[in-house]
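As a plain string of letters, each chain reads:
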Amino acid sequence: AMRGEASAGVAVGRRNCETTERLGDIFSRSLALANLGAAQLAAEDFAGALESLEEAERLHREAMSGGDEQEAWRAALRAEALIGVNRAEEAEEIAAWAADVARKRELLWSLPLSLLAQGRARAALERDDAREPLDEAAVVAERSGAVPILEAIEEERAALVAGAR
């Protein structure tokens with residue numbers, strides 16, 4: 001899905017979910033569902049992504065007490081899906097929470113994703129402060145060498161400046 005082949009990414013994601021379901025490992029199943037949700041986001045199937053991501057979170061919560069290193073990532077993806085189904089207010093809350101978790105745990109790989117989702121949610125809500133999380137996300141992504149996410153952040157910031165958001 002990251003190479004622009006979203007439908008192929010969704011197909012692979014579904015096969016991975018089938019495989020992990022047969023294996024019976026909850027952690028692997030949760031991760032497969034989250035990855036399917038990410039592919040569905042790339043394919044702009046926001047309702048499907050939200051369903052997959054909520055199931056991934058439910059399975060993880062049932063199996064584990066407390067958070068994990070992927071918690072902020074899953075929440076950022078859920079926030080993106082919520083934006084796509086016109087639930088931007090809920091998305092902003094989840095993305096803000098995810099960014100706080102990522103900051104506290106120093107999860108520099110998921111912090112820019114969480115901040116990007118927060119900025120997008122704020123833009124969807126037409127808030128004046130939509131650029132703030134995007135600026136923080138750009139700094140973190142640049143420092144950590146996360147080039148693909150930095151490109152997405154820059155695109156979002158440019159859209160804000162152009163008034164497209």
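The model shown is predicted, which means the values in this text are computed figures rather than measured ones.

**Observations concerning unusual backbone geometry**
Backbone geometry follows two general trends: most residues other than glycine have a negative phi, and most peptide bonds adopt the trans configuration. For glutamate 44, which is not a glycine, the phi torsion comes out positive at approximately 60 degrees. The residue glutamate 126 is not glycine, and still its phi comes out positive at about 60 degrees. Looking at the element boundaries, glutamate 126 is found in the loop between helix H6 (111-124) and helix H7 (131-144). Judged by its relative accessible area of 70%, glutamate 126 is exposed.

**Brief notes about helix H1 (residues 6-23)**
In a regular helix each residue adds 1.5 Å, so 18 residues correspond to 26 Å; H1 covers 26 Å between its end C-alpha atoms and thus fits that length. If you check which residues of H1 are buried, you get Ala6, Gly9, Val10, Gly13, Cys17 and Thr20. For H1, the angular spread of buried residues about the axis comes to 100 degrees, placing them on one side. Projecting away from the buried face of H1 at angles above 90 degrees are the exposed residues Ser7 and Arg22. Packed against the buried residues of H1 are helix H2 (26-42). Within two residues after H1, glycine 24 carries a phi angle of roughly 80 degrees, on the positive side.

**Quick look at the packing of helix H3 (residues 46-63) against helix H4 (residues 71-84)**
At a closest axis distance of 8 Å, the pairing of H3 and H4 adopts a crossing angle of 150 degrees. Put simply, H3 runs roughly antiparallel to H4. The crossing of H3 and H4 is left-handed. Only Glu71, Arg74, Leu77, Arg78, Glu80, Ala81, Leu82 and Gly84 of H4 make contact with H3, whose side of the interface consists of Phe46, Ala49, Leu50, Leu53, Glu54, Glu57, His60 and Arg61. In terms of residue class, the contact of H3 with H4 is built from seven nonpolar, two polar and seven charged.

**So, helix H5 (residues 88-104)**
Look at H5: 24 Å from first C-alpha to last across 17 residues, which is about the 24 Å you get at 1.5 Å a residue. Restricting attention to buried positions, one finds in H5 the residues Ala88, Ala91, Glu92, Ile94, Ala95, Ala96, Ala98, Ala99, Val101 and Ala102. Looking at the buried positions of H5, the neighbouring elements they touch are H4 and H6. In the segment just after H5, glutamate 106 is the residue with positive phi, at about 55 degrees.

**Let's talk about the confidence of the model for the protein chain**
Within the protein chain, residue pLDDT values average 92, and 95% of them lie at 70 or more. Element-level pLDDT for the protein chain is lowest in H1, with a mean of 86, against a maximum mean of 98 in H6.

Calculation notes
Residues numbered from 1 in each chain as written. Predicted model: local features only at pLDDT ≥ 70, side-chain atom pairs only at ≥ 80, totals over all residues. Heavy atoms only, no water. Helix = DSSP H or I, 4+ residues; strand = E, 2+ residues; numbered from the N terminus. Buried < 20%, exposed > 50% of the residue type's maximum accessible area, 1.4 Å probe, protein only. Expected span 1.5 Å × (residues − 1). Arc of directions from axis to C-beta. Contact = heavy atoms within 4.5 Å. Axes fitted to C-alpha atoms, helices over the stretch in contact; angles between N-to-C directions. Parallel < 35°, antiparallel > 145°, perpendicular 65-115°, else oblique. Left-handed = near helix turned anticlockwise from the far one by under 90°. Nonpolar A, V, L, I, M, F, W, Y, C, P; charged D, E, K, R; others polar. pLDDT = per-residue confidence, 0-100.

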